[in-house]
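# Understanding the architecture of this molecule
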Amino acid sequence: MKTDDLIDLLSTNVEPVDHRQIVRNVGRAIAAGAAVAMAIVSFVLGPRADLSSFAILVPALLKVAITVVVLLPASIYLIKLARPGGEHRMPALLVAAPFVAVILLAALSLTFAPNYHWSGAVLSDEWLECVISIPLIAIVPFAVIVWVVRQMAPTDLPRTGAFVGLVVGCVSAIGYAVHCADDSVPFFALWYGGTIALCTFTGWKLGPKLLRW
Amino acid sequence: LVANEGELSELMRAGLRGDAVAYRTLLSRLSANLRAYYRGRLARIGRSATEAEDLTQEALMAIHMRRHTYDPSAPLIPWVHAIARYKLIDHLRQTYASMTNLPIENAEDILAQNDHVGTESVYDLKKLMDQLPDKMRGAIQSVKLDGLSVAEAASRSGMSESDVKISVHRGLKALMTSVARKRSA
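Sequence order sets the numbering: in each chain, residues are counted from 1 along the sequence as written. Think of it this way: whatever chain is written first is A, whatever ligand is written first is 1, and the rest follow in order. Owing to the predicted nature of the model, reporting of local features is limited to residues with pLDDT of at least 70; listing and counting of side-chain atom pairs is limited to 80 or more, with chain, interface and lining totals taken over all residues. Calculation of side-chain values draws on the structure's entire complement of heavy atoms; hydrogens and water are dropped beforehand.

## Re the overall build of chain A
To keep it simple, the criterion reads: Think of it this way: any DSSP run of H or I at least four residues long counts as a helix, any run of E at least two long counts as a strand, and we number them from the N terminus. Any residue under 20% of the maximum accessible area for its type is buried, any over 50% is exposed, and the rest in between are partly exposed; the area is computed with a 1.4 Å probe on protein chains only. Contact criterion: two residues are considered in contact whenever any of their non-hydrogen atoms come within 4.5 Å of each other. Accessible surface area values rest on a Shrake-Rupley calculation with a 1.4 Å probe, where residue burial reflects the displayed protein chains alone. Positive charge is attributed to Lys and Arg, negative charge to Asp and Glu, and no charge count is given to His or to the chain ends. Charged side chains are reduced to one point each, which is NZ for Lys, CZ for Arg, CG for Asp and CD for Glu.
From N to C terminus, chain A includes eight helices and zero strands. Helices and strands appear in chain A in the N-to-C order α-α-α-α-α-α-α-α. By its C-alpha atoms, chain A is 75 × 35 × 25 Å across when sized along the principal axes. Every one of the 213 residues in chain A was classed for burial, and the buried ones make up 47%. Within chain A, contacts between residues at least 6 apart in sequence are counted, and of these 85% link residues at least 24 apart. Only carbon and sulfur atoms are counted for the fraction: they give 73% of the accessible area of chain A, which is about 10100 Å². Positive and negative side-chain charges of chain A, numbering 14 and 13 respectively, have mean locations separated by a distance of 6 Å.

## Looking at empty space enclosed by the protein
Cut-off, in case you're wondering: Both cavities and pockets are sets of points on a 1 Å grid over the protein atoms alone; in a cavity a 1.4 Å probe fits but cannot get out, in a pocket the set is open with protein on both sides within 12 Å along at least five of seven lines, and lining residues sit with an atom within 4 Å of a point. Grid points are joined across faces, edges and corners, and a volume is the space filled by probe spheres set on the points.
Counted by the stated rule, this structure contains three cavities of 30 Å³ or more. Roughly 70 Å³ of internal volume is contained in the largest cavity. What lines the largest cavity is a set of 13 residues, among which Leu6(A), Leu9(A), Met61(B), Leu172(B) and Leu175(B) lie closest to the centre. Counting residues per element, the lining of the largest cavity draws most heavily on helix H8 (residues 161-184) of chain B, which supplies four residues.

## Some words on the side chain of Asn33(B)
Following the sequence through the fold, Asn33(B) ends up in helix H2 (residues 20-43). Every residue in contact with Asn33(B), bar those within four places of it in the chain, is listed here: Ile110(B), Leu111(B), Gln113(B) and Asn114(B).

## Observations concerning the pattern of salt bridges
Residues and elements named next belong to chain A. Heads up, the condition is: Here, a salt bridge means any Lys or Arg side-chain nitrogen found within 4 Å of an Asp or Glu carboxyl oxygen.
Scanning the model with the defined rule gives 16 salt bridges over all chains in all. Its salt-bridge partner being Arg24, residue Asp18 comes within 2.9 Å of it at the nearest N-O pair. Judged by its relative accessible area of 27%, Asp18 falls in the partly exposed class. Overall, Arg24 belongs to the partly exposed group, its relative accessible area being 38%. Three or more residues joined by partner-sharing salt bridges are found here, namely Asp18, Arg20 and Arg24.

## Looking at the packing of aromatic side chains
Residue and element names in this part refer to chain A. Here is the rule: Think of it this way: a Phe, Tyr or Trp ring, Trp meaning its six-membered ring, pairs with another when their centres are within 6.5 Å, and the plane angle makes it stacked under 30 degrees, edge-to-face over 60, tilted otherwise.
Scanning the entire structure with this criterion turns up eight aromatic pairs over all chains. Residues Phe188 and Tyr192 carry aromatic rings whose centres are separated by 4.8 Å and whose planes lie at 40° to one another, so their mutual orientation is tilted. With Phe188 and Tyr192 both in helix H8 (residues 185-210) and four residues apart, the pair spans about one turn of that helix. Residue class for Phe188 comes out buried when judged on its relative accessible area of 8%. With a relative accessible area of 1%, Tyr192 lands in the buried category.

## Remarks on the layout of surface pockets
Empty pockets left among the atoms are what a rolling probe the size of a water molecule brings to light. Threshold: Basically, the charged four are Asp, Glu, Lys and Arg, the nonpolar ten are Ala, Val, Leu, Ile, Met, Phe, Trp, Tyr, Cys and Pro, and anything else, Gly included, counts as polar.
In this structure, the largest pocket encloses a volume near 1300 Å³. Taken together, 43 residues form the lining of the largest pocket, with Gln151(A), Met65(B), Arg66(B), His169(B) and Lys173(B) sitting closest to its centre. Listed by contribution, the elements that provide at least two residues to the lining of the largest pocket are helix H2 (21-45) and helix H6 (127-150) of chain A together with helix H3 (49-65), helix H4 (76-94), helix H6 (134-145) and H8 of chain B. In terms of residue count, the dominant contributor to the lining of the largest pocket is H8(B) (15 residues). Of the residues belonging to the lining of the largest pocket, the class tally is 18 nonpolar, 10 polar and 15 charged. Estimated volume of the second largest pocket: approximately 700 Å³. Elements supplying a minimum of two residues to the lining of the second largest pocket: helix H7 (157-177) of chain A together with H4 of chain B. With 10 residues, the top contributor of residues to the lining of the second largest pocket is H4(B). When grouped by side-chain class, the residues that make up the lining of the second largest pocket number 14 nonpolar, eight polar and 10 charged.

Structure representation (structure tokens):
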């Protein structure tokens, strides 16, 4: 085939395209992922007791809010990464800032807690459930977001995969926070942070296989 | 003729709005740059001009099929360069070549040279088309090769207009996939 013939083929009757479609599709995929995560938590694990009481609602919302603070910049960055060359257009370290903030907060609260409270704050009965649930809840949202990002054209596949993992980990953690009854900051920092990091790592590893185009 | 960023991105924006003439100009400008880019990179590791032409065509198809990922408020050259380099790396990875001789690049490298003298690629459009389902082949034939409007193609084939558009889109996507498969085989 001659290249000029190909150019004729591609340009004849070229359809207009909507460049805003990307932002919309990624946004929808994340929202759909969050809805799935919420549904799984509500119907399978069940929401925590007494969510209507103020003393329970506030810490639960706080966990959701902190995770949203990580999710938002990660989503924006993911949209950038989904475009060719997007990896050159924003410093990735910005996204780490909320993590660092939570870890500092956890360290602070451990410093002020007496020693014998430490193991209770970090290793309560819930940690195993948290570590298992968040990645499991993340599977369906992960598939949805990978499917959407595949329609785009990321050129840095490991990094894009990592951000898919990060976004999905956050979405899943937000869902899990509705169920999880442990509100201590060190618990949140270690087990939520750790599992979100695990999701990020998994995405980083799977990105080159799943996102190739 | 040295193409510049402003001119090219203007052509691209017009192309995204459906201006076929601007889009055609853009693709043929870019094809000359892509050809020179791939020939330069591949000659360095002893590969043929045909291979460069294959890659040029693949990059053009990728640019076309992924044109919705171009952000009109951003410069076009880095976007094209990212696609061109991605396809080059992907190609080298599949053909087991060493990538150690691939230098670090600037986006402007893609404009460094022009090469208007094309050869033929190994892809045979007719053969590739023959592998498509009838509906897609018919739609591409009328809209993309015979140049009929979508409405004309729809009334000729008895399909609805949106059906024609979808068949063209899916058909081009299938062509791209079979090109990629042919290369890795």
